[in-house]
Amino acid sequence: MRVIDLDRDMSDVIPTGLTPDSQFLFARMTDVTLDLAGAEPGRRILDVASGVGQDAVSLAVRGAAVVGAEPSARMSGMARLFAEGDGRREGALPSWVRAWSDALPFATGSFDAVICKGAIDHFDRPEEAVAEMARVTRPTGRVVLAIANFESLACRVARARDELRERLLPRPPRRGRRGYDAPSDHFTRYELDLMREQASRHLDLEVVEGVSLGWGMPGWSQALRHLPSGVARGALQALDWIARRAPAWADVAVLAGRPRRSATISL
Ligand SMILES: C[S@@+](CC[C@H](N)C(=O)[O-])C[C@H]1O[C@@H](n2cnc3c(N)ncnc32)[C@H](O)[C@@H]1O
């Protein structure tokens, strides 16, 4: 039996009071994902696990015909409300469909691009979900996956620091969730190799790119707050430049590729 709480609204996992590094990370992750989807008039784009719908609306604002697929009626309700109140919108709104990622109610090859941002680690059947995303994308189209990396450089440094502390200091282990532990609502703790392995079963990968470096590094948020804003921004951009080229260290990895038809038929 499938036991997933669809009544929750994720307001606990979508941060509200953002630090400069969080703001930078979320904005870059969104820009990279949406740019890779290539939204423009005449293109049909699907946002899988569209949540409160902000990305689907942004794609529609760029002119694409967008569908947001989301199993939670509560999230879709919020998406409808936000979309109707979005001042940037001119023209068509996204359409909202209630759907699980592993059983998408669309014909094979019916979208030019499919995005799935910050959500695959919440899925109980992630492999089936990637297969479904590949199936509903046309053969020359693109699937874009953006996923948090729990083996980022920052996670590794924070874990090494905690292990050292626990070994050297006669203190009990820290309580509560540490940044490098996957939250309780995640089914999978992703790192780059696992993302690549799962994605490449159903996609011919064209892009594997990192976003942001250092998020969650001990002391990093506080240090940024004390720097002049131009210097902080420059530091975030320089680290992002490195992350783009070293996705295994990055805070988020973005993978994009064309569907592999032969692989998708077998599921
Ligand atoms: C952290 S939110 C991300 C939402 C959005 N993509 C964003 O970037 O803001 C994760 C979403 O995954 C959805 N979800 C959880 N399990 C799912 C599944 N098996 N299939 C589709 N969506 C699912 C949740 O309802 C939630 O909206």
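Rules of the game
- For every chain, the first residue of its written sequence is number 1, and the numbers climb from 1 along that sequence.
- In keeping with the predicted nature of the model, local features appear solely for residues at pLDDT of at least 70, side-chain atom pairs appear and are counted solely at 80 or more, and the whole-chain, interface and lining totals rest on all residues.
- Side-chain numbers here rest on the full set of heavy atoms in the structure, without hydrogens or water.
- Throughout, near means a residue has at least one heavy atom within 4 Å of the molecule or strand.
- Between N or O atoms, a polar contact is any pair within 3.5 Å; within protein, one atom must be a potential hydrogen donor and the other a potential acceptor, and residues adjacent in sequence are included only when both atoms are from side chains.
- Here, Shrake-Rupley sampling with a 1.4 Å probe gives the accessible areas, and only protein chains in the shown set may cover a residue.
- Gly falls in the polar group here, along with every residue not listed as nonpolar (Ala, Val, Leu, Ile, Met, Phe, Trp, Tyr, Cys, Pro) or charged (Asp, Glu, Lys, Arg).
- The numbering of helices and of strands both runs from the N terminus, where a helix is a DSSP run of H or I of at least 4 residues and a strand a run of E of at least 2.
- Working rule for helices: expected span equals 1.5 Å times residues minus one.
- Think of it in three bands: residues with accessible area under 20% of the maximum for their type are buried, residues over 50% are exposed, and the middle band is partly exposed, with areas taken using a 1.4 Å probe on protein chains only.
- In this description, one arc is meant: the one made by directions from the helix axis to the C-beta atoms.
- Should DSSP find at least two bridges between two strands, the strands are regarded as paired.
- Each pair of aromatic rings taken from Phe, Tyr and Trp, with Trp reduced to its six-membered ring, is defined by centres within 6.5 Å and is described as stacked if the planes are under 30 degrees apart, edge-to-face if over 60, and tilted in the remaining cases.
- Only lysine NZ and arginine CZ atoms are considered, and such an atom sits over a ring when it is within 6 Å of the ring centre and within 35 degrees of the ring normal.
- Should a side-chain nitrogen of Lys or Arg be within 4 Å of a carboxyl oxygen of Asp or Glu, the pair is scored as a salt bridge.
- Whenever a helix is involved, its axis is fitted only over the stretch in contact; in every case the axis is a line through C-alpha atoms, and angles between N-to-C directions fall within 0 to 180 degrees.
- Contacts were defined at the residue level, with two residues in contact if any of their heavy atoms lie within 4.5 Å.

J.: Mind showing me how you'd approach the site of the ligand here?
T.: Neighbouring residues of the ligand: 18 residues in total, closest Ala49, Gln54, Glu70, Ser101 and Lys117. One of the backbone nitrogen or oxygen atoms of Ala49 is found 2.8 Å away from a nitrogen atom of the ligand. Between a nitrogen atom of the ligand and a side-chain N or O atom of Ser101, the distance comes to 2.9 Å. In the complex, the protein chains occlude 93% of the 600 Å² of accessible area that the ligand would expose alone. Broken down by class, the residue content of the shell around the ligand amounts to seven nonpolar, six polar and five charged.

J.: Which parts of the structure should I look at to understand helix 3 (residues 73–84)?
T.: In an α-helix there are 3.6 residues to a turn, and that puts residues three or four apart on one side. A rise of 1.5 Å per residue sets the reference length of helix 3, with its 12 residues, at 16 Å; its end C-alpha atoms lie 16 Å apart and thus fit the reference within 8%. Of the positions making up helix 3, those classed as buried are Met75, Ser76, Ala79 and Ala83. The arc that holds every buried residue of helix 3, seen down its axis, measures 95°, which confines them to one face. Turned more than 90 degrees away from the buried face of helix 3 sit Leu81 and Glu84, all of them exposed.

J.: How should the pairing of strand 7 (residues 252–259) be read in this particular structure?
T.: Counted residue by residue, strand 7 has seven buried out of eight residues, so it is predominantly covered. Two strands pair when backbone bridges link them, and strand 5 (residues 137–148) and strand 7 are joined in this way by six bridges, in the antiparallel orientation. Paired with Val144 across the bridge in strand 7 is Ala256.

J.: Honestly, the packing of aromatic side chains in this entry has me stumped. Any pointers?
T.: Any pair of aromatic rings gets described here by the distance separating the centres and the angle formed by the planes. Overall, the coordinates contain one aromatic pair when judged by the stated rule. Centre to centre, the rings of Phe106 and Phe111 are 5.1 Å apart; their planes meet at 90°, and the pair counts as edge-to-face. If you follow Arg44 out to its NZ or CZ, it ends over the ring of Phe111, 4.4 Å from the centre.

J.: Is there a simple way to explain the pattern of salt bridges in this structure?
T.: For the structure shown, the criterion picks out 16 salt bridges. Between Glu206 and Arg142 there is a salt bridge whose closest N-O contact spans 3.2 Å. Taken together, the residues span a long stretch of sequence, with Glu206 in strand 6 (residues 203–211) and Arg142 in strand 5 at a distance of 64 residues. Note on Arg142: relative accessible area 22%, which makes it partly exposed. When the shortest N-O distance is used, the salt bridge between Arg258 and Glu206 registers 3.1 Å.

J.: So what exactly am I meant to see when it comes to the sheet that holds strand 1 (residues 44–48) here?
T.: Sheets are built from strands that pair by backbone hydrogen bonding, the pairs being arranged parallel or antiparallel. Ordered by their spatial adjacency, seven strands build an open sheet running 3-2-1-4-5-7-6, and the pairing between neighbours is mixed. A strand with exactly one partner marks an edge of an open sheet, and here the two such strands are strand 3 (95–97) and strand 6. Sheet twist, expressed as the mean angle between neighbouring strand axes with direction ignored, is 20°. Here strand 1 pairs with strand 2 (residues 65–69) via five bridges, running parallel. Bridging across to strand 2, Leu46 finds its partner in Val67. Contacts from helix 4 (residues 126–136) reach strand 1, strand 4 (111–117), strand 5, strand 6 and strand 7 within the one sheet, and its direction differs from that of strand 5 by about 145°.

So far we have only geometry, and geometry alone does not tell us how the molecule works.
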